[in-house]
Amino acid sequence: MTDELTPETPDEHEQPIKQRKNGLYPAVSDELADNMKSGWADTELRDLQPIEQAPNAARRRAALSARFPGERLVIPAGNLKTRSNDTEYDFRASTEYVYLTGDQTDDSVLVLEPRRDTHEATLYRLPRSDRENGEFWLNGMGELWVGRRHSLTEAEALLGVPCKDVRELAEALKEATGPVRVVRGHDAGIEGALTDKVTAERDEELRVYLSEARVIKDAFEIGELQKAVDSTVRGFEDVVKVLDKAEATSERYIEGTFFLRARVEGNDVGYGSICAAGPHATTLHWVRNNGAVRSGDLLLLDAGVETTTLYTADVTRTLPINGRYTDLQRTVYDAVYEAQEAGIAAVKPGAAFRDFHDAAQRVLAEKLVEWGLIEGPVERVLELGLQRRWTLHGTGHMLGLDVHDCAAARTETYVNGTLAPGMVLTVEPGLYFQADDLTVPEEYRGIGVRIEDDILVTDDGNRNLSAGLPRRSDEVEAWMAGLLGK
């Protein structure tokens, strides 16, 4: 990275310029400062069309307005987070902000001001960096350093919402009167300006509402989730084609291969990819991805592409690294497949959310009893939850802008609720025999299997969005052989 310039201290009417202590230029001459103010072409973008999700975002804001009449509502996008010293992590806007605006710009804030029976929405954003005070070339966040940002006029055209300078917002909020709610945890400066005007209980009600609003996906969201899944399928194909290179290096080769697909076709991965080979497959969230990849072992790959609109897939396959399951690996895999089949069959409108979990767990409990790993009867096993030593986790969750979407929803709405058309959830049973588990025969130890698909609840049942990836063990082997030209 290059070293940013250090200007003279600006006067009181200018925005302060962020300075680096040990910059190589101690000052900016008046002549250079004057030179940099002029000679630039007009780059304002005109005739911009609204982004695709602008109408959807407007409908969501209208529903939010109706839910909290007469109250000021503040939804921040969030700020950059420091990775180390003066470098930041890539910015990811808060889910609530993206859901209500379609925008992904750091430091921005959506404010809904009460106006009689409705609200007036305003987006507070940073305008283009200032050329008069030198911000655009002297500040580390200026556009010559990090790229051009949209003007407020451009943002209005794209997002369909009036835009104002966010640097004026904190002071305005300090003077605000009447009831206020804010989505917490994203912008400390905005929360500080509202510290005497909000309560944790009221703010939590806002967060819960915005979580529950996302339970049913609209047509745009379903389309984005399908895009995410389709790219994920291609990412899995990429991985199979380079398993020989992963064997020569480590799980990181798998992680990097999938990440390339995610960055080329989307925004990023939707969560840390789990590239778990051998006994690492028994660790549910193995994201270190620094282990060996060995022929004869299994690879549990749990990964998802996040689209440019931030909707993510979440898919898992457990693959034989050499292309063929051993007899015991196949036995365990087929049991998990059978459990997933039972779980998917239970996903339909009007069913309890828990039904697919219960159906999958019953199959796994039956298999564990059948193999003599646990004493039956099955009803006793399920009542006491004894199968959980090897099944560990729940069988699925909501999916959307977050990989674990709608997480703040009330229990009665989510896990104790009822499935309805438009919901998207994962079905992902697994069996995990830890390498140090002395309660199972030695040959089981170190085997971990999970199969996960993204399922849309439809009017008459469900649709597997990730059906493009084979699931049955013989189909997985044939698919891998085809990709490897065997």
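Residues numbered from 1 in each chain as written. Predicted model: local features only at pLDDT ≥ 70, side-chain atom pairs only at ≥ 80, totals over all residues. Heavy atoms only, no water.

**Q** Help me out: how do you make sense of helix H9 (residues 200–212) in this one?
**A** At 3.6 residues per turn, the α-helix brings residues three or four places apart onto the same side. In this model H9 runs 18 Å from its N-terminal to its C-terminal C-alpha over 13 residues, within 8% of the 18 Å that 1.5 Å per residue would give. Those residues of H9 that sit buried are Asp203, Leu206, Val208, Tyr209, Leu210, Ser211 and Glu212. Elements in contact with the buried residues of H9: helix H2 (54–67), strand S1 (72–76), helix H3 (95–101) and strand S7 (180–182). (Helix = DSSP H or I, 4+ residues; strand = E, 2+ residues; numbered from the N terminus. Expected span 1.5 Å × (residues − 1). Buried < 20%, exposed > 50% of the residue type's maximum accessible area, 1.4 Å probe, protein only. Contact = heavy atoms within 4.5 Å.)

**Q** Help me understand the side chain of Glu477, please; the structure alone is not making it clear to me.
**A** Here Glu477 is to be found in helix H17 (residues 473–484). In terms of polar contacts, Glu477 uses its side chain to reach the side chain of Arg330, at 2.7 Å. (Polar contact = N/O pair within 3.5 Å; in protein donor to acceptor, adjacent residues only side chain to side chain.)

**Q** Can you walk me through the nonpolar core in this structure?
**A** Burial of nonpolar side chains together is a common tendency in soluble globular proteins. If you look at the biggest cluster of nonpolar residues, it comprises 89 residues, and the most contacted ones within it are Leu64, Ile75, Ile254, Trp371, Leu431 and Phe433. With nine residues, helix H10 (residues 219–241) is the single largest residue contributor to this core. Each of two domains, domain 1 (46–214) and domain 2 (219–484), supplies a minimum of three residues to this core. Apart from the residues lying within four places of it in its own chain, the contact partners of Leu64 are Leu73, Ile75, Leu100, Leu112, Leu206, Tyr209 and Leu210. (Core = buried A, V, L, I, M, F, W, Y, C linked by side-chain atoms within 4.5 Å. Domains from an automatic or database assignment.)

**Q** Before we go on, may I ask you to explain the sheet that holds strand S9 (residues 274–277) in this structure?
**A** The strands that make up a sheet are held in pairs by hydrogen bonds between backbone atoms, and each pair lies either parallel or antiparallel. One open sheet accounts for three strands, arranged S9-S10-S12; its pairing is antiparallel. In this open sheet, the two edge strands, each paired with only one partner strand, are S9 and strand S12 (315–320). Neighbour-to-neighbour, the strand axes of this sheet turn through a mean angle of 10°, independent of strand direction. In the sheet, strand S10 (residues 298–303) pairs with S12 via six bridges, with the strands oriented antiparallel. Bridged to Asp302 within S12 is Thr316. (Pairing = 2+ DSSP bridges. Axes fitted to C-alpha atoms, helices over the stretch in contact; angles between N-to-C directions.)

**Q** Got a minute to help me understand the pattern of salt bridges in this structure?
**A** Between side chains of opposite charge, a pair can form when the charged atoms approach closely. Evaluation of the coordinates by the stated rule reveals 40 salt bridges. A salt bridge links Arg131 to Glu143; the nearest nitrogen and oxygen atoms lie 2.9 Å apart. Here the residue Arg131 occupies a position in the loop between strand S5 (118–125) and helix H4 (135–138), and Glu143 occupies one in helix H5 (residues 143–146), the gap between them amounting to 12 residues. On the basis of relative accessibility, which here comes to 22%, the residue Arg131 falls in the partly exposed class. (Salt bridge = Lys/Arg side-chain N within 4 Å of Asp/Glu carboxyl O.)

**Q** How should I be thinking about the UniProt feature "domain: Aminopeptidase P N-terminal" (unreviewed entry) in the chain in this particular structure?
**A** Within the UniProt annotation, "domain: Aminopeptidase P N-terminal" (unreviewed entry) is assigned to residues 51–191. Along residues 51–191, the helical share is 33% and the strand share 22%, with 29 Å between the first and last C-alpha atoms. (UniProt positions renumbered as here; feature names shortened; annotations may be inferred.)

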